[in-house]
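Survey of secondary and tertiary structure
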Amino acid sequence: MDVGVIGLGKMGLLHAAIFNRLDGCRVTALCDVNELMLKILRSGNDDVRTYTDFQIMLDENDLDIVVVATPVFLHGSMATTALKKGMHVLIEKPMAKTTEECSTIIGNANGSKSLVGYCRRFMPTYNSAKKLIEEEELGKVLSFRSHFYLSQVDKRMEGWQFDPYKGGGGALIDLGCHALDMVHYILGPMRSVSCRTERVISESVEDVARLELTLNSGVRGNLAVSWVESGYRLPEMMLEVTCEKGVARVAEKYLETVSNDGTVNKRFKQCFPDPIPFNIGGREYTAEDLHLVESIRDAQNTKCDIKVGSMPTSVIDSAYLSARDGQPQKVRYL
Ligand SMILES: NC(=O)c1ccc[n+]([C@@H]2O[C@H](COP(=O)([O-])OP(=O)(O)OC[C@H]3O[C@@H](n4cnc5c(N)ncnc54)[C@H](O)[C@@H]3O)[C@@H](O)[C@H]2O)c1
């Protein structure tokens, strides 16, 4: 399969490296507005064609897969153009700035396969937690709490993540979308959200968000998101689910259960089977890209296609509305 990558920053380079190593795939076209980056990439590979305009790249190349790894405000136009041409897409998270933009992308899908880059769906700790909850090993779910913490911002920062037009918001959309996706994945869709946001350091976007969530099932829980949290040089996305017979706590590195009788069972990520063929920047990214390729080959939907991948964005739209008007808001999915 011929793969094109748009946006050659951290995530685009990672996906390009992975697709180049996957059996039957090769990266044949690259696009970035940064000419220097293109020059460097060309010097390592004579066969790859490089572009500064994504539209020209998509017009001139009959690509099977297009990776959209640009700042969020560009995802909509880039993904829509690729889908209109019948190409399959991997869109980095969050899928788009708003539900409306997600709706335009979905409206142009025409049977192409799609995957939104919620990479934690490919980590064994979260997948084991999902199985445990679905099989009711600890009984029925009563409540949950979750956080996504990172010590990323300690001074006013530059970059698209801190520009509400380009990023769509601050910590909530950038980090919180992962946590909201995980709540959907493990516990199901949400009925309503209330949200408070706080600017601690940044001038134009929130550094902290606190959400109260009610699921369709009636289960209630909360989510705290912060990129100014001390002690989290590496990100941690933790979900704690309280059930009738105990508590399950899951993060990137571990899955822990504590039964009501006090029995503790903690398994670190190294304890889980690892079928992923190679590791470039995190095994979950290889698993993710491989999943898209296999879904295309098997004509199956991916486990986070653009319909599913739009769900966190719908919750975030309602959360920002709630933060502005101080009222709980209904979640309106596509
Ligand atoms: N799944 C994850 O774990 C994860 C982690 C980090 C970022 N992301 C997501 O990946 C996406 C990219 O983030 P990043 O950290 O790689 O950003 P980045 O800033 O490192 O890279 C973005 C790249 O896009 C390029 N670009 C900007 N405008 C462009 C245009 N018009 N045409 C072509 N290229 C253009 C920039 O020059 C830059 O090289 C975002 O959606 C982000 O939220 C996902």
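This section reports on the structure supplied with the text. (Residues numbered from 1 in each chain as written. Predicted model: local features only at pLDDT ≥ 70, side-chain atom pairs only at ≥ 80, totals over all residues. Heavy atoms only, no water.)

1. Describing the sheet that holds strand 4 (residues 65–68)
Each strand in a sheet pairs with another by means of backbone hydrogen bonds, the pair being arranged parallel or else antiparallel. Filter applied, for reference: At least two DSSP bridges between two strands are needed for those strands to be called paired. Secondary structure elements are defined from DSSP: runs of H or I of at least 4 residues count as helices, runs of E of at least 2 residues count as strands, and each element is numbered from the N terminus. Only the stretch in contact is used when a helix axis is fitted, and all axes are lines through C-alpha atoms; the angle between N-to-C directions ranges over 0 to 180 degrees.
Spatial strand order, 3-2-1-4-5-6: six strands in an open sheet with parallel pairing. Pairing within the sheet leaves two strands with one partner each, and these edge strands are strand 3 (49–51) and strand 6 (114–116). In this sheet, adjacent strand axes meet at a mean angle of 20 degrees when their direction is disregarded. Pairing analysis gives three bridges linking strand 5 (residues 88–91) to strand 6, with the strands arranged parallel. Looking at the pairing, valine 89 lines up with serine 114 of strand 6.

2. Observations regarding the environment of threonine 81
Filter applied, for reference: Note on classification: 1.4 Å probe, protein chains only; a residue is buried when its accessible area is under 20% of the maximum for its type, exposed when over 50%, partly exposed between these limits.
Structurally, threonine 81 can be placed in helix 4 (residues 75–84). Threonine 81 sits in the buried class, given a relative accessible area of 14%. Residues threonine 81 and alanine 109 lie 28 residues apart in sequence; the distance between their C-alpha atoms is 9.9 Å.

3. Brief notes about the layout of surface pockets
The cut-off we apply is this: Residues are said to line a cavity or pocket when one of their atoms sits within 4 Å of a point; the points come from a 1 Å grid over protein atoms alone, cavities being sets where a 1.4 Å probe fits but cannot get out and pockets being open sets with protein on both sides within 12 Å along at least five of seven lines. Grid points are joined across faces, edges and corners, and a volume is the space filled by probe spheres set on the points. Throughout, the ten residues Ala, Val, Leu, Ile, Met, Phe, Trp, Tyr, Cys and Pro are labelled nonpolar, Asp, Glu, Lys and Arg are labelled charged, and all others, Gly among them, are labelled polar.
Approximately 300 Å³ is the volume attributed to the second largest pocket. Along the walls of the second largest pocket sit 14 residues, with Gly169, Arg199, Glu206, Tyr320 and Arg324 positioned nearest its centre. Those elements giving two or more residues to the lining of the second largest pocket turn out to be strand 8 (190–198) and helix 11 (311–325). Top contributing element to the lining of the second largest pocket by residue count: helix 11, with five residues. Each residue belonging to the lining of the second largest pocket can be placed in one class, and the counts come to five nonpolar, four polar and five charged.

4. Concerning the pattern of salt bridges
Where we set the bar: Throughout this description, the term salt bridge denotes a Lys or Arg side-chain nitrogen within 4 Å of a carboxyl oxygen of Asp or Glu.
Per the counting criterion, the structure on display carries 13 salt bridges. Lysine 130 serves as the salt-bridge partner of glutamate 134, at 2.7 Å between the closest nitrogen and oxygen. Of this pair, glutamate 134 and lysine 130 both sit in helix 6 (residues 124–134), four residues apart, which is roughly one turn of the helix. What emerges from the salt-bridge pattern is a single network uniting Arg145, Glu240, Arg249 and Glu256.

5. Things to note about the sheet that holds strand 14 (residues 264–268)
This is how the line gets drawn: Here, two residues are considered to be in contact whenever any of their heavy atoms come within 4.5 Å of each other.
The strand order across the open sheet built from nine strands is 14-13-12-11-7-10-9-8-15, with neighbouring strands paired in mixed fashion. Both outer strands of the open sheet, strand 14 and strand 15 (329–330), are each paired with one neighbouring strand and no more. Packing of helix 8 (residues 171–187) onto the sheet brings it into contact with strand 7 (141–149), strand 8, strand 9 (208–215), strand 10 (220–226) and strand 11 (236–243), and relative to strand 10 it is tilted by some 150 degrees.

6. Quick word on helix 11
Heads up, the rule is: What a helix is expected to span follows from its residue count: subtract one and scale by 1.5 Å.
When the terminal C-alpha atoms of helix 11 are compared, their 22 Å separation across 15 residues agrees well with the 21 Å that a helix rising 1.5 Å per residue should span. Taken residue by residue, helix 11 has Met311, Pro312, Thr313, Ser314, Val315, Ile316, Ser318, Ala319, Tyr320 and Ser322 as its buried positions. At the C-terminal side of helix 11, glycine 326 shows a positive phi close to 75 degrees.

7. Regarding the site of the ligand
We apply this condition: By convention in these notes, a residue is near a molecule or strand provided one of its non-hydrogen atoms lies within 4 Å of it. Contacts described as polar in this section are N or O atom pairs within 3.5 Å, which, within protein, must combine one atom able to donate a hydrogen with one able to accept it, while residues neighboring in sequence count only if both atoms come from side chains. Here the accessible surface of atoms and residues is derived via Shrake-Rupley with a 1.4 Å probe, and residues count as covered only by protein chains that are part of the display. Segmentation of the chain into domains, including their bounds, is taken from an automatic or database domain assignment.
Close to the ligand lie 24 residues; Met11, Asp32, Lys93, Trp160 and Tyr285 are nearest. Within the backbone of lysine 10, a nitrogen or oxygen atom sits 3.1 Å from an oxygen atom of the ligand. Aspartate 32 places a side-chain nitrogen or oxygen 2.6 Å from an oxygen atom of the ligand. For the ligand, whose free accessible area comes to 860 Å², the fraction covered by protein is 81%. For the shell around the ligand, a count of residues per class yields 13 nonpolar, six polar and five charged. Formed jointly, the shell around the ligand draws a minimum of three residues from each of two domains, domain 1 (2–119 + 284–304) and domain 2 (121–283 + 312–330).

All quantities given are derived from atomic positions and should not be read as evidence of function.
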